Amino acid sequence: MVSLENLTKNYGDFTLNVTMEIPDGQITGLVGKNGAGKSTVIKSILGLISPDGGTVSVFGKEALALLPEDKQKIGVALSDSGFSNYLTPGDCAKILGKMYHGFDMKAFLDACRQYGLPENKQIRTFSTGMKAKLRVLVALSHDARLLVMDEPTAGMDVEARNEILDMLRSYLETREDCSVLITSHIATDLEGLCDDIYLIHQGRLLLHEDTDVILSDYGVLKVDQETFQKLDGDTILCAKPEAYGYCCLTNQKQFYHENYPGLVVEHCGIDELILLMTGGK
């Protein structure tokens, strides 16, 4: 569905170099700190910027050469874009009807009402959460085969975030071939949704792993200096110095349960993964 091969983009002192893919029917999460390169990856896939090197292909074609009928198959929700604040959801529906073949205006407006978005109120009166819901509904409005979602739940409370995630799950239940690229700074959103995770830092990919493998096989060890020296170095992905010794990341949690019975192995989620892999050595 989407393939990036040695994608390179230069911005002054920052250089992005990424190879990754999003297969058909897969939900892929892209995580990393602010400024890591997530937005550059997304804009390259959407053909909004030209790479300085490498290739970006979508639906088997160069991203910059996608035809209008190809772009109709992409649903986009970007955190820094959307309709004018002086439009209403009803106005948005009319615009979408002209943009997308087969757009169902009634279904779109019904969905807006279902999620508390008044058809005739200007977007400028909406809360942050309401605007985010509208962006997601627009992305889902035209039977897209590829969804690109940049921080779709940013700035929202738990209830609103769950509504957006439920929107995505409902959409994907009937579209098994739909692929999704989603970024989020809220790890639990991705842990319950994504099939796999890419971790990007300073323009480079540090890790690509299936989400269920991270949650089942990865662990965090907090050890003193003496214990650290006795650990099996081949099982430690990275270690971060702490006042008590070291905080270590392993992808062989079971190994430590079996061979170091006195050692506490803590759960590793995506938050811990980001913290250790971007701050450790």
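For the structure, check the block above.
Residues numbered from 1 in each chain as written. Predicted model: local features only at pLDDT ≥ 70, side-chain atom pairs only at ≥ 80, totals over all residues. Heavy atoms only, no water.

### Some details on the layout of surface pockets
Estimates place the volume of the largest pocket at around 570 Å³. What lines the largest pocket is a set of 23 residues, and nearest its centre among them are Val76, Ala77, Ser81, Gly82 and Val138. Where the lining of the largest pocket is concerned, the elements lending two or more residues are β6 (74–77), α3 (89–99) and α5 (128–139). With 5 residues, the top contributor of residues to the lining of the largest pocket is α5. Counted by class, the lining of the largest pocket contains 15 nonpolar, 4 polar and 4 charged residues. Its volume calculated, the second largest pocket comes out at about 370 Å³. The wall of the second largest pocket is formed by 21 residues, among which Ala107, Leu140, Ser141, Tyr171 and Arg175 lie closest to the centre. Secondary structure elements with two or more residues in the lining of the second largest pocket: α4 (105–114) and α6 (158–173). Class assignment for the residues of the lining of the second largest pocket results in 10 nonpolar, 7 polar and 4 charged. (1 Å grid on protein atoms, 1.4 Å probe; cavity = no way out; pocket = protein on both sides within 12 Å on 5 of 7 lines; lining within 4 Å. Points joined across faces, edges and corners; volume = space filled by probe spheres on them. Helix = DSSP H or I, 4+ residues; strand = E, 2+ residues; numbered from the N terminus. Nonpolar A, V, L, I, M, F, W, Y, C, P; charged D, E, K, R; others polar.)

### Topic: the packing of aromatic side chains
A complete count under the given rule lists 5 aromatic pairs for this structure. Centre to centre, the rings of phenylalanine 103 and phenylalanine 108 are 5.7 Å apart; their planes meet at 55°, and the pair counts as tilted. Here phenylalanine 103 matches phenylalanine 108 in class, with each residue buried. Judged by centre distance (4.9 Å) and plane angle (35°), the ring pair of tyrosine 256 and tyrosine 260 falls under tilted. Exposure remark for tyrosine 260: the relative accessible area of 21% places this residue in the partly exposed category. By way of ring pairs, the aromatic residues Phe255, Tyr256 and Tyr260 are connected into one cluster. Lying over the aromatic face of phenylalanine 59, lysine 73 brings its terminal NZ or CZ to 5.5 Å of the ring centre. The residue whose ring lies beneath arginine 175 is tyrosine 171, and the NZ or CZ to ring-centre distance is 3.9 Å. (Phe/Tyr/Trp six-rings, centres within 6.5 Å; stacked < 30°, edge-to-face > 60°. Buried < 20%, exposed > 50% of the residue type's maximum accessible area, 1.4 Å probe, protein only. Lys NZ or Arg CZ within 6 Å of the ring centre and 35° of its normal.)

### Considerations on the sheet that holds strand β11 (residues 219–223)
In spatial order, the strands read β12-β13-β11-β14; together these 4 strands make up an open sheet with antiparallel pairing. This sheet does not close on itself; its edge strands, each paired only once, are β12 (236–242) and β14 (265–267). Looking at each pair of strands side by side, their axes are set apart by 30° on average, direction ignored. Note: β11 against β14, 3 bridges, orientation antiparallel. (Pairing = 2+ DSSP bridges. Axes fitted to C-alpha atoms, helices over the stretch in contact; angles between N-to-C directions.)

### Remarks on helix α1 (residues 38–45)
Of all 8 residues in α1, 6 are buried, a share of seventy percent or more. Among the residues making up α1, those that are buried are Lys38, Thr40, Val41, Ile42, Ser44 and Ile45. Positioned one or two residues after α1, glycine 47 has a phi angle of 75°, which is positive.

### Some thoughts on the sheet that holds strand β4 (residues 53–58)
In space, the 4 strands of this open sheet follow the order β2-β1-β4-β5, with antiparallel pairing throughout. Taken across any chain shown, the strands that pair with only one partner, and hence form the sheet edges, are β2 (14–22) and β5 (61–62).

### Focus on the packing of α3 against α4
In a pair of packed helices, the angle between the axes and the distance between the axes together describe the arrangement. Viewed as axis vectors pointing N to C, α3 and α4 meet at an angle of 150°, and their least axial separation amounts to 10 Å. In terms of their interaxial angle, α3 and α4 are classed as roughly antiparallel. Crossing hand, α3 versus α4: right-handed. Packed against α3, whose contacting residues are Pro89, Gly90, Ala93, Lys94 and Leu96, the element α4 presents Met105, Phe108, Leu109 and Cys112 at the interface. Tallied by class, residues from the contact of α3 with α4 come to 7 nonpolar, 1 polar and 1 charged. (Parallel < 35°, antiparallel > 145°, perpendicular 65-115°, else oblique. Left-handed = near helix turned anticlockwise from the far one by under 90°. Contact = heavy atoms within 4.5 Å.)

### Points about the pairing of β12
The side chains of a regular strand alternate, first on one face of the sheet and then on the other. Where β12 and strand β13 (residues 245–250) come together, 6 bridges link them in antiparallel fashion. In the strand pairing of β13, lysine 240 is matched with cysteine 247. Here β12 folds back onto β13 in antiparallel fashion, the turn holding 2 residues.

### Section: α3
Of all the positions in α3, only Pro89, Gly90, Cys92, Ala93 and Leu96 are classed as buried. The buried residues of α3 all sit within an arc of 155° when viewed along its axis, so they share a single face. Seen from the buried face of α3, the exposed residues on the opposite side, beyond 90 degrees, are Lys94 and Lys98. At its buried positions, α3 is contacted by α4 and α5. (Arc of directions from axis to C-beta.)

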